[in-house]
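So the chains spell out like this:
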Amino acid sequence: MRSSKDAPVRRIGFLLLPGFALMSFAAASEPFRAANLIAGRPLYEICAFAETPAAVPSSGTATVPAAALPARGSGLDTLFVCAGGSPEDWHRPAVHAALRAVASEGVSIGGISGGPYVLAAAGLLAGRRFTIHWEHAPALREAFPDLMPEQARFVIDRDRLTCGGGVAPLDMMHALIAARMGADFARRVSDWFLHADVGEAAGPQRASLAERYGVHHPALVTVLAAMEANIETPLSRAAMARLAGVSPRHVDRLFAQHRAMSFSEAYRRVRLDHAKRLLHESPLRLAEIAYATGFSSAGHFSRSFRAAYGSSPSEARRRRGSLSEMGRVVAQDRADDR
């Protein structure tokens, strides 16, 4: 640990992709600004980059001026990729090449919100622990089956720094500042933002399963957790009952009493919700999504999806919006719908 008087200035870069999550970017960059103010001298220099030098539009109305992609010799200590939107917006070979070049010089590389997906596409997460925003995790697992994101708020594995986004960057930056400047100094930075309850790295990204489903019966929570963990190859009612230590008939009674639906209806909805995320977050064809969520065919999946949501999967995908690079996929979706 150094005192603030003799600590050298560290250069922290943020590579912003259009539609980057504004809250995540602010939660990641503002702690460094506060550290400079509290220290009374520059500890961190913040700079923004983009694929094309311009004012990069965020997920909100704000834009951030950004310089051209960093090259070798940039003088960076750390470079974070901030990405929002969907994976079809993140296929940017020039960005991937720049990240590999900077990483080869020993610069620490980070990803925030959807940023870890970009790191995976650049080949920078092999053999590393990492996390990603829970909404993007299914698409990442489908696109990169050899990679497995952790369900954590943030993960620091040597020179790879990944974070789920939202307000979790406040927690990760607290950890980074504490490692450099000490826990007392990091606490002063967190207090600056009224961030009194600093989250642990392994903390959850989402509310507990019991809170999300509004149920607290232990056996029912066990079955719901098993449903979420076994989507591609659904388990039978009897297998679920064995996991929960109850009879199959009792499983039926629990779903009727606490969820006002049958076991089969509840399991189908869990799989369809997962499929809906894949529709929004991946370029997979309907047939691929159908098999990834335990349906026997694209037709069976499409009929079930329409019954649950009132529209076909291809219509739901078109309504997502920014799908300019997915025209071929959507056209194939229409055929699969039929």
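Coordinates for the structure precede this section.
In this report, the structure presented in the accompanying data block is examined. (Residues numbered from 1 in each chain as written. Predicted model: local features only at pLDDT ≥ 70, side-chain atom pairs only at ≥ 80, totals over all residues. Heavy atoms only, no water.)

**Some remarks on the environment of Gly84**
Considering the arrangement of structural elements, one finds Gly84 in the loop between β5 (78-83) and α2 (93-103). Spatially, the C-alpha atoms of Gly84 and Ala21 are 5.0 Å apart, while their sequence positions differ by 63 residues. Residues contacting Gly84, with those up to four places away along its chain left out, are Gly19, Phe20, Ala21 and Trp90. (Helix = DSSP H or I, 4+ residues; strand = E, 2+ residues; numbered from the N terminus. Contact = heavy atoms within 4.5 Å.)

**Considerations on the sheet that holds strand β2 (residues 44-49)**
In spatial order, the strands read β2-β1-β5-β6-β8-β7; together these six strands make up an open sheet with mixed pairing. Lying at the two open borders of the sheet, with one neighbouring strand each, are β2 and β7 (154-157). Adjacent strand axes in the sheet meet at a mean angle of 15°, parallel and antiparallel pairs treated alike. Pairing of strand β1 (residues 10-16) with β2 involves six bridges; the strand directions are parallel. When the sheet's bridge partners are listed, Ile12 is paired in β2 with Ile46. Packed onto the sheet, helix α1 (residues 22-39) meets β1, β2, β5 and β6 (108-113) and runs at close to 160° relative to β1. (Pairing = 2+ DSSP bridges. Axes fitted to C-alpha atoms, helices over the stretch in contact; angles between N-to-C directions.)

**As for the side chain of Asn36**
Positionally, Asn36 belongs in helix α1. Residue Asn36 is classed as buried on the basis of its relative accessible area of 18%. Here Tyr44 takes part through its backbone oxygen, which lies 2.8 Å from a polar atom of the side chain of Asn36. Filtering out sequence-adjacent residues up to four positions away, Asn36 remains in contact with Arg41, Pro42, Leu43 and Tyr44. (Buried < 20%, exposed > 50% of the residue type's maximum accessible area, 1.4 Å probe, protein only. Polar contact = N/O pair within 3.5 Å; in protein donor to acceptor, adjacent residues only side chain to side chain.)

**Considering helix α8 (residues 218-229)**
With 12 residues, α8 extends 17 Å between its outermost C-alpha atoms, agreeing within 8% with the 16 Å of an ideal straight helix rising 1.5 Å per residue. Among all positions in α8, only Ala219, Leu220, Val223, Leu224, Ala226 and Met227 are buried. Projection of α8 onto a plane perpendicular to its axis shows the buried side chains occupying an angular sector of 160°, all on one side. Turned more than 90 degrees away from the buried face of α8, the exposed residues are Pro218 and Ala229. (Expected span 1.5 Å × (residues − 1). Arc of directions from axis to C-beta.)

**Overview of helix α10 (residues 248-258)**
All buried positions along α10 are accounted for by Val251, Leu254 and Phe255. Across the axial projection of α10, the buried residues extend over an arc of 95°, all falling on one side. Within α10, the exposed residues directed more than 90 degrees away from the buried face are Arg249 and Gln257. Where the residues of α10 are buried, they touch α8, α9 (237-244) and α11 (263-281).

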